[in-house]
There are 2 protein chains.
Amino acid sequence: MDVQFLGTGAGVPAKFRNVSSVALKLLEERGAIWLFDCGEATQHQILHTNIRPRRIEKIFISHLHGDHIFGLPGFLGSRSFQGGESPLTVYGPEGIKAFIEVSLSVSKTHLRYPLHVVEIGEGIIFSDDQFTVEARKLDHGIQSFGFRITEKDAPGVLQVERLKEAGVAPGPIYKRLKAGETVTLEDGKVINGTDFLGPPVPGRTVTILGDTRVCPNSRALAESADLLIHEATFNRDQEQMARDYFHSTTAQAAATARDAGARALFLTHISSRYAKEAWPELVQEAKAIFPETMMAHDLLEFTVPRKSMEEQS
Amino acid sequence: MDVQFLGTGAGVPAKFRNVSSVALKLLEERGAIWLFDCGEATQHQILHTNIRPRRIEKIFISHLHGDHIFGLPGFLGSRSFQGGESPLTVYGPEGIKAFIEVSLSVSKTHLRYPLHVVEIGEGIIFSDDQFTVEARKLDHGIQSFGFRITEKDAPGVLQVERLKEAGVAPGPIYKRLKAGETVTLEDGKVINGTDFLGPPVPGRTVTILGDTRVCPNSRALAESADLLIHEATFNRDQEQMARDYFHSTTAQAAATARDAGARALFLTHISSRYAKEAWPELVQEAKAIFPETMMAHDLLEFTVPRKSMEEQS
Ligand SMILES: [Zn+2]
Ligand SMILES: [Zn+2]
């Protein structure tokens, strides 16, 4: 489970930061990649990564501002042109369907894969045996959603040494024990698999928010998250500006991470008013409040850590 | 009058060629720039040029395929965001209006400048005292237009030395003579300005075609043009492929330039199937038919020459 930032700027593309998109790479977990937002030229950014568009199975759109959606029609078309045939689902606020339909129909873009577009509200918008995605409304003037992606816990590791000590010889039986079954050996001994499993491996939680002012739902979505990705359009001193334009400051993002008990924070959606030289200061402002803060930059990749090494073994 | 290529690839963006857009810089002539097509990330390409979006007063869309229009909503929004207040007109085939309207309304993009969208047919689609733009239909499966941009002839240069020899002293009167007026001097002598003007400076003609198969209208639009910009999606040997996909080969573009009596040709809309190493061969194929062939590449700039030095003096 890795995140890779494809665009980390605000509003308009700039030389060093493209408009918004984040890839959540679930290649080990499900052989798939999810995108969160798809600003113009997201497909161009992808050309500079190892992401294959056909691997992208879901796209979550936080809100309909142009810098978060104008790359969608081009990406959808190119995914088909480049041979993508597996289904793709786009989740987004009401209006996303009309935008996609008009863009594809006017341009006579015929997709060779099934495209599902789901207009979302608050609640669990996706769930299977691996992942759950919860959406909640933020505070951005227009409808803007934050997403909490929860990986389900995985069963613990089979304790092979302890099994051998208990006289259970390795063989196909190990597989059944690992699945937690109760097995009767040839000598009549009954072995309960769950007695030989380590603690379950806790799933990870990643919270990716759309543009927003500080609001209670941000904190709720980020509760104990392993990683929070939060916009920080303005610096600490521009709180009024952030309020006026429905955005957040570095300090506000950090306070949300702290209050939610998140384990790490990435600042993104950085305004182009801040030149490269100003970036370290932006990070410092946030670190003063939440030490585990990092700043996103385009193409940066980050592996979401599990809760602790002990719990993983 | 310069052209600058912003995207010279076909269908999908590639590392070395973005999707279609050409800027026609008329800065000396009218302090303005015109765009022809606006594929995704055209505004990103502009960041690497000296073009200021507010200077762009007209955008001509040849056809509605995604690689020619998906950069439009983002460009329109950014032009406003960056302070553009002067009017902008977009000309394009039927459907362009719906695409722009839905994109801007769904994304709540409010432009601070007047935007006019004109759905065009064949004929003169724009004309003022400087320029005329004629559109004709090409052959591309969907409606695709080619554009012939004609600069009007400028009056000849005032022949100052000859005037002095004729006893006309320099003064405000020169301005009236330059305008071709007839003036009576204090001594009663009558001077006709047109007798003292050099030959008119011929306007230039640039022909910019949308995607197309070989067709009579391409040739008509390119008749005696100073510059023809023609797609060459495929190489000489792929004539059947070009036909099947409604495109042209290098050789077909060159033959059109030759048959039309154009003075120079740029090949553009080059498929990404041709790696950098193959580009010289593509140009050679065309040069064998039309020696004044050049290949476009992203950001290349070219000054459109006037007919001849003599005619300019
Ligand atoms: Zn926004
Ligand atoms: Zn086309």
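Treat the numbers as computed from the prediction; the structure is a model and nothing was measured.

Some words on the overall build of chain A
Of regular secondary structure, chain A possesses twelve helices and 16 strands. Referenced to the eigenvectors of the C-alpha coordinate spread, the extents of chain A come out at roughly 75 × 50 × 35 Å. Looking at the 313 residues of chain A, the share that counts as buried comes to 57%. Taking contacts inside chain A between residues at least 6 apart in sequence as the whole, the part at least 24 apart equals 63%. Total accessible area on chain A stands at roughly 13,200 Å², and carbon and sulfur atoms take up 51% of it. Between the mean site of the 34 positive side-chain charges and the mean site of the 40 negative ones, chain A shows a separation of 3 Å.

A short note on the coordination of the zinc ion (ligand 1)
Each protein donor to the zinc ion (ligand 1) is listed here as H63 of chain A (NE2), H65 of chain A (ND1), H140 of chain A (NE2) and D211 of chain A (OD); together their distances run 2.2 to 2.4 Å. Between the donor residues of the zinc ion (ligand 1), the gaps in sequence give the motif H-x1-H-x74-H-x70-D.

Points about the UniProt feature "binding site: Zn(2+) 2" (unreviewed entry) in chain A
Residue and element names in this part refer to chain A. According to UniProt, the "binding site: Zn(2+) 2" (unreviewed entry) feature falls on D67, H68, D211 and H269. In terms of the greatest pairwise C-alpha distance, the residues named above, spread along 203 residues, form a tight cluster of at most 10.7 Å across. Topologically, D211 is positioned in the loop between β12 (205–209) and α8 (216–222). Discounting residues that sit within four places of it in the chain, D211 has contacts with H63, H68, L138, H140, S144, E231, H247 and H269. A polar contact is formed between the side chain of D211 and the side chain of H63, at a distance of 3.3 Å. With respect to the secondary-structure elements, H269 resides in the loop between β14 (265–268) and α11 (279–287). H269 sits in the buried class, given a relative accessible area of 3%. For H269, the contacting residues outside a window of four places in its chain are T8, G9, A10, G11, S20, D67, H68, D211, E231, A232, T233 and H247. Of the polar contacts made by the side chain of H269, one reaches the side chain of H68; its length is 3.5 Å.

Section: the environment of G198 of chain A
Residues and elements named next belong to chain A. Structurally, G198 is set in the loop between β11 (190–192) and β12. We classify G198 as buried; its relative accessible area is 12%. Spatially, the C-alpha atoms of G198 and K307 are 15 Å apart, while their sequence positions differ by 109 residues. With residues near it in sequence (within four places) discarded, G198 still touches G156, V157 and Q159.

Observations concerning the relation of the copies chain B and chain A
In this structure, two copies of a chain are linked by a rotation about an axis accompanied by a shift along it. Rotating chain B by 180° and translating it 0.1 Å along the rotation axis places it on chain A, where the RMSD comes to 0.2 Å. Here the copies are linked by what is in effect a two-fold axis. Closest approach to the rotation axis within chain B is made by the C-alpha atom of A41 of chain B, at a distance of 2.7 Å. When the interface residues of chain B are mapped onto chain A, 100% of them again fall at the interface, so both copies present the same face.

Digging into the interface of chain B and chain A
With 34 residues of chain B at the contact, the number on the chain A side is 34 residues. Between chain B and chain A, the buried area comes to about 2,600 Å², and carbon and sulfur atoms account for 70% of it. Contact with chain A buries area across many residues of chain B, yet E40, F70 and V106 of chain B alone supply 24% of it, more than any other trio. At the boundary of chain B and chain A, one finds zero salt bridges. Contributing elements (two or more residues each) for the side of chain B that touches chain A: α2 (42–46), α3 (66–69), α4 (72–81) and α5 (96–106) of chain B. Among the residues making up the side of chain B that touches chain A, the classes are represented as 16 nonpolar, 15 polar and three charged.

Focus on the domain arrangement of chain A
Looking at chain A, the domain boundaries give domain 1 (2–154 + 201–308) and domain 2 (160–196). Placing the centre of domain 1 of chain A and that of domain 2 of chain A at their C-alpha centroids yields a distance of 44 Å.

Some details on the coordination of the zinc ion (ligand 2)
All names here are of chain B. Distances from the zinc ion (ligand 2) to its protein donors, H63 (NE2), H65 (ND1), H140 (NE2) and D211 (OD), fall at 2.2 to 2.3 Å. Here the zinc ion (ligand 2) binds four donor atoms, and the angle range of 84 to 176° at the metal identifies the geometry as irregular. Linear spacing of the donor residues for the zinc ion (ligand 2) on their chain is H-x1-H-x74-H-x70-D. Linking H65 in the loop between β4 (56–60) and α3 with D211 in the loop between β12 (205–209) and α8 (216–222), this pair joins segments that are 146 residues apart in sequence. The residues H65 and D211 share a single accessibility class, namely buried.

Considerations on the sheet that holds strand β5 (residues 88–92) of chain A
Note: strands within a sheet are paired through backbone hydrogen bonds, in either parallel or antiparallel orientation. Residues and elements named next belong to chain A. Taken in spatial order, the seven strands line up as β6-β5-β4-β3-β2-β1-β16 in an open sheet, and their pairing is mixed. A single partner strand is all that each edge strand has here, and the edge strands are β6 (115–119) and β16 (301–303). Strand-to-strand, the axes of this sheet are offset by a mean angle of 20°, without reference to chain direction. Contacting β4 (56–60), β5 and β6, helix α4 (residues 72–81) runs over the sheet at an angle of about 170° to β4.

Here's the deal with α11 of chain A
All names here are of chain A. Of the positions making up α11, those classed as buried are W279, L282, V283, E285 and A286. Taken around the axis of α11, the buried residues stretch over an arc of 155°, which confines them to a single face. Opposite its buried face, α11 presents the exposed residues P280 and E281, each directed more than 90 degrees away. Buried positions along α11 lie against α10 (250–260), β14 and β15 (293–295).

The rules behind each value
- Residues numbered from 1 in each chain as written.
- Chains lettered and ligands numbered in written order.
- Predicted model: local features only at pLDDT ≥ 70, side-chain atom pairs only at ≥ 80, totals over all residues.
- Heavy atoms only, no water.
- Helix = DSSP H or I, 4+ residues; strand = E, 2+ residues; numbered from the N terminus.
- Buried < 20%, exposed > 50% of the residue type's maximum accessible area, 1.4 Å probe, protein only.
- Contact = heavy atoms within 4.5 Å.
- Areas by Shrake-Rupley, 256 points an atom, 1.4 Å probe, with all protein chains shown as cover.
- Lys, Arg positive; Asp, Glu negative; His and termini not counted.
- Charge placed at Lys NZ, Arg CZ, Asp CG, Glu CD.
- Donors = N, O, S within 2.8 Å, 3.2 Å for Na, K, Ca; no water.
- UniProt positions renumbered as here; feature names shortened; annotations may be inferred.
- Polar contact = N/O pair within 3.5 Å; in protein donor to acceptor, adjacent residues only side chain to side chain.
- Least-squares fit on C-alpha atoms with pLDDT ≥ 70 in both.
- Buried area = accessible area lost by both parts, 1.4 Å probe.
- Salt bridge = Lys/Arg side-chain N within 4 Å of Asp/Glu carboxyl O.
- Nonpolar A, V, L, I, M, F, W, Y, C, P; charged D, E, K, R; others polar.
- Domains from an automatic or database assignment.
- Tetrahedral: all angles 85-135°; square planar, octahedral: opposite > 155°, others 65-115°.
- Pairing = 2+ DSSP bridges.
- Axes fitted to C-alpha atoms, helices over the stretch in contact; angles between N-to-C directions.
- Arc of directions from axis to C-beta.

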